Amino acid sequence: MSDSSPARPVAPVLNVWCDLQCPDCRSALEDVRALRARYGDRLELRLRHFPLEKNKHAFAAAQAAEEAAEQGKGWDYVEAVLGRVEELGRGGEPFLVEVAGELGLDAEEFDTALIDGRHILIVDADQAEGKAIGVTGTPTYVIDGERLDGGKSQEGLRERIEEIADRLLAAQGA
């Protein structure tokens, strides 16, 4: 059987390189929310993990975010953890499990995932790719091959992302 309906164009991708214990990433949440609201599913936002060595619990938080995504609430979890960066710094893994429970996720499975390390390879792969493309801090955005570093200043980054996304969507006729 032949499907003659036109193929839907692939949405442009915005990779958001993030450390879930990073105050700058928390500040960037407003921009990420605005981009999600403006573009919906016309722009695919992908959380990419880049836990910084200085943030003791960032690697575990990245693994926990992957478990949250597996349980269907990835962005909700990311926003909840970033909204309480200081608590993560004090509470570590028990805090990550607590947040999962607050969101109605299977907290026991979170605890198990953090122990068995089932998401370590995803986090490691993201971090390695980030280093390979020159990510040095967070937040860093990559859209259409352009890297925008928000670790020093986020001034003007959302506008630049919107310019690129609008150009890509116009080229697709979306």
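Scroll up to find the structure this text is about.
Note that the structure is a prediction, hence the values are computed from the model and not measured.

**Structural notes on helix 1 (residues 23-39)**
Link 1 in the chain: The end-to-end C-alpha distance of helix 1, which contains 17 residues, comes to 25 Å, matching closely the 24 Å that a straight helix rising 1.5 Å per residue would cover.
Link 2 in the chain: The largest bend in helix 1 amounts to roughly 35° and is located at Leu29.
Link 3 in the chain: Of all the positions in helix 1, only Cys25, Ala28, Leu29, Asp31, Val32, Leu35 and Tyr39 are classed as buried.
Link 4 in the chain: The elements touched by buried residues of helix 1 are strand 1 (13-18), strand 2 (44-49), helix 3 (74-82), strand 3 (140-143) and helix 7 (157-172).

**Here's the deal with unusual backbone geometry**
Where the residue is not glycine, phi is negative for most of them; where a peptide bond is considered, it is trans in most cases.
Link 1 in the chain: In this structure, the amide linkage connecting Thr138 to the following residue, Pro139, adopts the cis form with an omega of -5°.
Link 2 in the chain: Locating Pro139 in the fold gives a position in the loop between helix 6 (120-132) and strand 3.
Link 3 in the chain: Residues other than glycine seldom take positive phi values, yet Asp144 does so here, at roughly 50°.
Link 4 in the chain: Tracing the sequence through the fold places Asp144 in the loop between strand 3 and strand 4 (146-149).

**Description of the pairing of strand 3**
Link 1 in the chain: The side-chain alternation of strand 3 yields two buried faces, one formed by Thr140 and Val142 and the other by Tyr141 and Ile143.
Link 2 in the chain: Two elements, strand 1 and strand 3, share four bridges in a ladder whose sense is antiparallel. What sits directly across from Val16, in strand 3, is Tyr141.
Link 3 in the chain: Pairing of strand 3 with strand 4 involves four bridges; the strand directions are antiparallel. Across the sheet, Tyr141 pairs through a bridge with Leu148, a residue of strand 4.
Link 4 in the chain: Where strand 3 folds back onto strand 4 in an antiparallel hairpin, the turn is made up of two residues, including Asp144, whose phi is positive at roughly 50°.

**Quick word on the packing of aromatic side chains**
What describes a pair of aromatic rings is the distance from one ring centre to the other and the angle between the planes of the rings.
Link 1 in the chain: Inspection of every chain in the model, using the stated rule, returns one aromatic pair.
Link 2 in the chain: Their ring planes at 40° and their centres at 5.2 Å tell us that Tyr77 and Phe110 sit as a pair that is tilted. Note that Tyr77 is positioned in helix 3 and Phe110 in helix 5 (residues 107-116), a separation of 33 residues in sequence.

**Remarks on the pattern of salt bridges**
Link 1 in the chain: Following the criterion strictly, the structure yields 19 salt bridges and no others.
Link 2 in the chain: Close ionic contact of Asp144 with Arg167 constitutes a salt bridge, the shortest N to O distance being 3.3 Å. Highlighted residues: Asp144 in the loop between strand 3 and strand 4 and Arg167 in helix 7, separated in sequence by 23 residues.
Link 3 in the chain: Owing to a relative accessible area of 45%, Arg167 belongs among the partly exposed residues under this scheme.
Link 4 in the chain: By sharing partners, the salt bridges in this structure join Asp31, Arg38, Arg158, Glu162 and Asp166 into a single network.

Here is what the cut-offs are and how they apply
- Residues numbered from 1 in each chain as written.
- Predicted model: local features only at pLDDT ≥ 70, side-chain atom pairs only at ≥ 80, totals over all residues.
- Heavy atoms only, no water.
- Helix = DSSP H or I, 4+ residues; strand = E, 2+ residues; numbered from the N terminus.
- Expected span 1.5 Å × (residues − 1).
- Bend = angle between axes of the 7 residues up to and from the residue.
- Buried < 20%, exposed > 50% of the residue type's maximum accessible area, 1.4 Å probe, protein only.
- Contact = heavy atoms within 4.5 Å.
- Pairing = 2+ DSSP bridges.
- Phe/Tyr/Trp six-rings, centres within 6.5 Å; stacked < 30°, edge-to-face > 60°.
- Salt bridge = Lys/Arg side-chain N within 4 Å of Asp/Glu carboxyl O.

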